[in-house]
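What follows is each chain in one-letter form.
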Amino acid sequence: MNTPSASLPGGTWTLGDLTVTRFGYGAMQLAGPGVMGPPADHDGALAVLREAVRLGITHIDNAGAYGPRITNRLIREALHPYPDALHIVTKVGAVRDERGGWPPARRPDDLRRAVHENLEDLGLDALDLVNLRLGNAQGPLPGSLAEPFETLAELQQQGLIRHLGVSNATADQVDEAQRIAPIVCVQNMYNLAYRQDDDLIDDLAAKNIAYVPFFPLGGFSPVQSTELSSVAARLDATPMSVALAWLLRRSPNILLIPGTSSVAHLRENAAGAGLPLPEEVLAELDRVGR
Ligand SMILES: NC(=O)c1ccc[n+]([C@@H]2O[C@H](COP(=O)([O-])OP(=O)(O)OC[C@H]3O[C@@H](n4cnc5c(N)ncnc54)[C@H](OP(=O)(O)O)[C@@H]3O)[C@@H](O)[C@H]2O)c1
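Reading the values: the criteria
- Residues numbered from 1 in each chain as written.
- Predicted model: local features only at pLDDT ≥ 70, side-chain atom pairs only at ≥ 80, totals over all residues.
- Near = placed C-beta within 6 Å.
- Helix = DSSP H or I, 4+ residues; strand = E, 2+ residues; numbered from the N terminus.
- Nonpolar A, V, L, I, M, F, W, Y, C, P; charged D, E, K, R; others polar.
- Core = buried A, V, L, I, M, F, W, Y, C linked by C-beta atoms within 7 Å.
- Buried ≥ 20, exposed ≤ 12 C-beta atoms within 10 Å, placed from the backbone.
- Contact = placed C-beta atoms within 7 Å.

As annotated in an unreviewed UniProt entry, the chain carries the name Aldo/keto reductase family oxidoreductase and is attributed to Streptomyces similanensis.

Here we take up the site of the ligand. In the region of the ligand, 26 residues are neighbours, and Gly26, Met28, Leu217, Gly259 and Thr260 sit closest. At three residues, the largest contribution of residues to the shell around the ligand is made by helix H9 (residues 263–272). Tallied by class, residues from the shell around the ligand come to nine nonpolar, 13 polar and four charged.

Membership of the largest hydrophobic core comes to 80 residues, with the highest contact counts inside it found for Cys185, Ala210 and Ala243. Residues in contact with alanine 243, not counting those within four places in the same chain, are Asn191, Leu192, Pro216, Leu217, Val223 and Leu228.

For the rest of this paragraph, the subject is unusual backbone geometry. Residues other than glycine predominantly adopt negative phi, and peptide bonds predominantly adopt the trans conformation. Geometrically, the link from glycine 37 to proline 38 is a cis peptide bond, its omega value of 0 degrees lying close to zero. Cis peptide bonds are those with omega within 30 degrees of zero, and the linkage from histidine 80 to proline 81 qualifies with 0 degrees. With respect to the secondary-structure elements, proline 81 resides in the loop between helix H2 (70–79) and strand S6 (87–92). The residue asparagine 208 is not glycine, and still its phi comes out positive at about 65 degrees. Within the secondary structure, asparagine 208 sits in the loop between helix H6 (198–206) and strand S10 (210–211). For asparagine 208, a count of 13 C-beta atoms within 10 Å translates into the label partly exposed. Here aspartate 236, not a glycine, exhibits a phi torsion of approximately 55 degrees, which is positive. With respect to the secondary-structure elements, aspartate 236 resides in the loop between helix H7 (226–234) and helix H8 (239–250).

The structure is reproduced here in structure tokens:
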């Protein structure tokens, strides 16, 4: 359910029984270059997290694999004891290897270990929302998620996880997950220039399930398009602001988790996502990634 919020653009959304601001924050960039920690600027990373909460953000997206285990510990150091309204979302299903790769780790024991490590590193008794990360670094891959998702559903029944979601998933896997246990979100790659999930977003909106695009600004290579640059110049705004504002307008079930390691960029993004986009501009932007 989407309701207005006074402080941040986009209002709020309810994930199961957890109300979050649609403008959230993705913590991956805090881990340092290559998402392998520790970060060069430890205090700067803490400052970004504290600024996110000060701005009123109540949704932080994270994973034990970031660092690995670095961003969870930064979140705890910066924000514990956590404000009641703050919800930290994590992902399990991949680990890091010595070359910085993201090999899958989806056997039942891997997932149990990952959930317990997240609880320990964050200093929590239960995780608000755990996404099962599927596929690989190139994107989703077909195949059943039954065994790993059933494992997470068991951990949920044991009270260690409040809500479940899937990430880097195909539409078939989203359907399969819902036959095993309710999901409250899908986190896949999507942005103005990468529109593979358009149908899935509309389908999830009809079911009141959130869609959380990762790489909303393009990730490691910023979203670029002539139309985006031209719209941004005409509106006297940055391409980042236009890309975020467009996502908030694209569908009410879209939650933003733009990543940054900079307090200044965080503030710019929080303000920029509220950029008004006239109807003719929306139509122009809608053609970019089609
Ligand atoms: N489920 C998955 O498999 C998966 C995969 C990737 C990411 N994620 C999640 O998605 C979140 C977002 O992804 P992301 O952080 O990789 O990509 P992103 O949000 O698309 O872009 C982040 C990049 O944009 C830059 N940036 C942000 N705001 C800016 C601004 N106002 N001006 C100029 N540059 C700006 C950041 O650099 P600065 O640090 O310099 O601001 C950073 O390099 C992550 O934090 C993570 O939680 C999930």
